[in-house]
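Notes for the structure review
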Amino acid sequence: MTRHFLRDDDLSQAEQTAILDLAEHIKADRWGRKPLAGPQTVAVIFDKSSTRTRVSFAVGIADLGGQPLIISTANSQLGGKESPSDTARVLERQVAAIVWRTYAQSGLVEMASGTTVPVINALSDEFHPCQLLADLLTIREHKGTLAGLTVTFLGDGADNMVHSYLLAGATAGMHVRVACPADYMPEERVVADADAIAVQTGGSVTIFTDALEAVSGADVVVTDTWVSMGKEDEKAARVASLSSYKVDGDLMALAKPDAIFLHCLPADRGYEVTSEVIDGPQSVIWDEAENRLHAQKALMVWLLENS
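In every chain, residue numbers begin from 1 and rise along the written sequence. Thresholds applied to this predicted model are a pLDDT of at least 70 for local features of residues and 80 or more for the giving and counting of side-chain atom pairs; totals over whole chains, interfaces and linings are not thresholded and use all residues. Calculated side-chain values reflect all of the structure's heavy atoms, with hydrogen atoms and water omitted.

1. Some thoughts on the pairing of strand β1 (residues 41-46)
The element β1 is extensively covered by neighbouring structure, given that five of its six residues are classed as buried. Note: two strands are recorded as paired if DSSP finds a minimum of 2 bridges between them. In this text, helices come from DSSP runs of H or I with a minimum length of four residues, and strands from runs of E with a minimum of two, each type numbered from the N-terminal end. Bridge analysis of β1 against strand β2 (residues 67-72) gives six bridges, and the strand direction is parallel. Looking at β2, one finds that V44 is bridged to I70. Seen with its strands pointing away from the viewer, a crossover is right-handed if its path from the first strand over the helix to the second goes clockwise. Of the crossover connections in this fold, the one passing from β1 over helix α2 (residues 52-63) to the parallel β2 is right-handed. Pairing of β1 with strand β3 (residues 97-101) involves five bridges; the strand directions are parallel. Note on classification: 1.4 Å probe, protein chains only; a residue is buried when its accessible area is under 20% of the maximum for its type, exposed when over 50%, partly exposed between these limits.

2. With respect to the sheet that holds β2
Taking strand neighbours across the sheet as the criterion, the four strands line up as β2-β1-β3-β4 in an open arrangement whose pairing is parallel. This sheet does not close on itself; its edge strands, each paired only once, are β2 and β4 (119-123). Strand-to-strand twist of the sheet, defined as the mean angle between neighbouring strand axes without regard to direction, takes the value 20°. Contacts were defined at the residue level, with two residues in contact if any of their heavy atoms lie within 4.5 Å. A fitted line through C-alpha atoms represents every axis, and for helices the fit uses only the stretch in contact; the resulting angles, taken between N-to-C directions, go from 0 to 180 degrees. Across the sheet, helix α4 (residues 105-113) touches β1, β3 and β4, and the angle it forms with β4 is around 165°.

3. Here's the deal with the packing of helix α1 (residues 13-28) against helix α5 (residues 129-143)
Where α1 contacts α5, the axes come no closer than 10 Å and their chain directions differ by 70°. In terms of axis orientation, α1 runs roughly perpendicular to α5. Facing Q16, T17, I19, L20, D21, A23, E24 and K27 of α1, the residues of α5 in contact are L133, L136, L137, R140 and E141. Note on residue categories: nonpolar means Ala, Val, Leu, Ile, Met, Phe, Trp, Tyr, Cys or Pro, charged means Asp, Glu, Lys or Arg, and polar means any other residue, Gly included. In terms of residue class, the contact of α1 with α5 is built from six nonpolar, two polar and five charged. For this classification, under 35 degrees means roughly parallel, over 145 means roughly antiparallel, 65 to 115 means roughly perpendicular, and everything else is oblique.

4. Notes on the environment of G107
Structurally, the position occupied by G107 is in helix α4. When its relative accessible area of 10% is taken as the criterion, G107 is described as buried. Separated by 22 residues in the primary sequence, G107 and S85 have C-alpha atoms spaced 8.4 Å apart.

5. Describing helix α3 (residues 84-91)
Since the α-helix turns once every 3.6 residues, residues separated by three or four places project in the same direction. For α3, every residue scored as buried is listed here: P84, S85, T87, A88 and L91. Viewed end-on, α3 has its buried residues packed into an arc of 160°, placing them on one side of the element. Buried positions along α3 lie against β1, β3 and α4. Directions drawn from the helix axis to the C-beta atoms are what define this arc.

6. Quick word on unusual backbone geometry
The residue after G38, namely P39, is reached through a cis peptide bond having omega -5°. Looking at the secondary structure, you find P39 in the loop between α1 and β1. Here the residue pair L265 and P266 is connected by a cis peptide bond, since its omega of 0° sits within 30 degrees of zero. Mapped onto the elements, P266 comes out in the loop between β9 (260-263) and α11 (275-278). Its identity as a non-glycine residue notwithstanding, L123 has a phi of 150°, on the positive side.

7. Regarding the layout of surface pockets
Taken as a whole, the second largest pocket holds about 180 Å³ of empty space. Around the second largest pocket sit I45, L69, I71, S76, Q77, L78, E82, T87, V90, L91, Q94 and V95, which together line it. At three residues, α3 tops the list of elements feeding residues into the lining of the second largest pocket. Across the lining of the second largest pocket, the residue classes break down as seven nonpolar, four polar and one charged. A 1.4 Å probe that fits but cannot get out identifies a cavity on a 1 Å grid over protein atoms alone, an open set with protein on both sides within 12 Å along at least five of seven lines counts as a pocket, and a residue lines either if it has an atom within 4 Å of a point. Grid points are joined across faces, edges and corners, and a volume is the space filled by probe spheres set on the points.

No statement about biological role is implied by the geometric values presented.
What follows is the structure in structure tokens.
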């Protein structure tokens, strides 16, 4: 059976742990695994602009002995004349895996249903599961464990990072808190899925509107940009609604003294987070950015070995 990674709960707790363990080994021995030797090709498709995703997948595929084929949907038939499932059936005869950074989650689901090679969600409007593997790897490096830790996300609760934190954090047995305004709540179905996972792993999910209450005693504090691609015309309204969720020094002081700060980047400094925090001693964002490479390499190795 072909394994895909379309959303964070495509992995069980044991599988998530196995990939993170593998990522640690790969990070320590960067060129030790060559499952794509040949070189085999991996299609990396972009509907949206990208820095970290493009670089980390291109470098990671090359590190694994393969060849990245970067495709822009603006210069292909995907999304125009050809459906995702038909595109996948063409690509599977020539590539070892498909990575897609896109808008609608439904497109990824359709692509995966029509192919025999692994499909990886490199970001959609609903989920950002590859980023969460990097974040969990970073937290493990700095905290030594995941289960039982409290992680607080502040800002836009309907953000794809929130949905992934809910699912991946619950899978890891973490206590996931989301602090957001009432008009920016996460999808109820995702919260319900995360709740169901947490029952099995010993984690928990709590939604707050009070940022101060949510960050109190947290081990990990996370935020993301308030204005994602395609929402630029909403910036003024979003800043007005989300201003009390800005991560600054006073807010970080309410977390545990050894709490760490994460942001998937790019950051809009002075809006969702201050430079005092992002450049401060509790920030681990550069480790987090690097770990996209190691976590995604581990994911690709695991998917190829288990498909």
